[in-house]
Amino acid sequence: MNTMSLALAITVVVFFGHIGDSEGGDLRKNFYKSACPLAEEIVQNITWKHVASNSALPAKFLRMHFHDCFVRGCDGSVLLDSTANNKAEKAAVPNQSLMGFDVIDEIKEKLEETCPGVVSCADIVALAARDSVSFQFRKSMWEVLTGRRDGRISRQSEALSNIPSPFFNFTSLKQSFASKSLTLQDLVVLSGGHTIGVGHCNFFSNRLYNFTGKGDQDPSLNPTYASQLKAQCKTLSDTTTTVAMDPGSFLSFDSHYYKALNKTRASSNPTRHS
């Protein structure tokens, strides 16, 4: 792991700790040491089992955790289903493409068998995000403080108003992060999370075909890269095709994303991956 990757991992944990205050309680090391000593081992074992057969999961869990934390803090509210009287966060457009809930359910089921009513779903999401990314290195790449309490409120409207839009410009992104007491440096480093995962064509194809509303291309894009993207994203209406966010390295958690940015080879702003 190079220095930039280490810095990214450190900032990830600082970020999630910073906005991650949940439903009461202080976060600390080994929160479950007495009540459920195998908790973190169980989360890691099940997460690694699934990542071993699905290399796309790290990006999905990292995104799930980010979307959870940006609404009411890291309280697991992104996991709650809608009811007859309430549209939950899951129903919001940014969350409709979230995946990995089945793995979270499997982890929760095993933990309930081992130590019923002890480990919060919020902590499971935080640990699964860390463990899925760490699988590449076969060791935990950052420490996750635990002790989160699960939130019981989940509103579609709050997800829509809090999660940064993939269409935000840089000014809007700075404002969104500042609203969570996050700095410009936090924004830049956290954007490195897009070193893994893919982007959907419809969230950036305007940069290829209609940047200013006149059928033009974003002049800041590397022309060769833009041609490559056009070969994959053939129309503005393509809602199914995906492309690598970090060309040539989208399954590896590293600093390659920043090198691509410096060459103007980025398909979208730093908010969208799956």
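See above for the structure.
If you're wondering where the values come from, they're calculated on a predicted model, not measured in any experiment.

Description of the state of the cysteines
Two cysteines whose sulfur atoms are joined by a covalent bond form what is called a disulfide. With the rule as written, the count across this model stands at three disulfides. Here Cys69 pairs with Cys74 through a disulfide, and the sulfurs are 2.0 Å apart. Where Cys69 bonds to Cys74 through sulfur, the torsion about that S-S bond is close to 115°, and the disulfide is right-handed. We classify Cys74 as buried; its relative accessible area is 0%. The disulfide that involves Cys201 links it to Cys233, with 1.9 Å between the sulfurs. With the S-S bond torsion at -70°, the cross-link from Cys201 to Cys233 turns out left-handed. A residue pair is termed long-range when its members are at least 10 positions apart, and Cys201 in the loop between β1 (198-200) and α9 (206-209) and Cys233 in the loop between α10 (223-232) and β2 (242-244) qualify at 32 residues.

Observations regarding helix α5 (residues 121-134)
Its 14 residues give α5 an end-to-end C-alpha distance of 20 Å, which sits within 8% of 20 Å, the value for a rise of 1.5 Å per residue. Buried residues dominate α5, accounting for 14 of its 14 residues.

Some words on the environment of Gly151
Topologically, Gly151 is positioned in the loop between α5 and α6 (156-162). Put simply, Gly151 and Gly73 are 78 residues apart on the chain and 9.1 Å apart in space, counted from C-alpha to C-alpha.

Some words on the packing of aromatic side chains
What the rule picks out here adds up to seven aromatic pairs. Taking 5.7 Å as the distance between ring centres and 75° as the angle between the ring planes, the aromatic pair formed by Trp48 and Phe135 counts as edge-to-face. Here Trp48 is found in helix α2 (residues 39-53), whereas its partner Phe135 is found in the loop between α5 and α6, with 87 residues between them in sequence. A residue is classified by how much of its surface remains accessible, and Trp48, at 17% relative accessible area, is buried. With a centroid separation of 4.7 Å and 25° between ring planes, the pair formed by Phe66 and Phe70 is classed as stacked. The same class applies to Phe66 and to Phe70, which are both buried. Members of the aromatic cluster, each reached through a chain of ring pairs, are Phe66, Phe70 and Phe177. Over the ring of Phe135 we find Arg138; its NZ or CZ atom is 4.0 Å from the centre of that ring.

Conventions and cut-offs
- Residues numbered from 1 in each chain as written.
- Predicted model: local features only at pLDDT ≥ 70, side-chain atom pairs only at ≥ 80, totals over all residues.
- Heavy atoms only, no water.
- Disulfide = S-S within 2.5 Å.
- Buried < 20%, exposed > 50% of the residue type's maximum accessible area, 1.4 Å probe, protein only.
- Helix = DSSP H or I, 4+ residues; strand = E, 2+ residues; numbered from the N terminus.
- Expected span 1.5 Å × (residues − 1).
- Phe/Tyr/Trp six-rings, centres within 6.5 Å; stacked < 30°, edge-to-face > 60°.
- Lys NZ or Arg CZ within 6 Å of the ring centre and 35° of its normal.

By themselves these figures say nothing about function.
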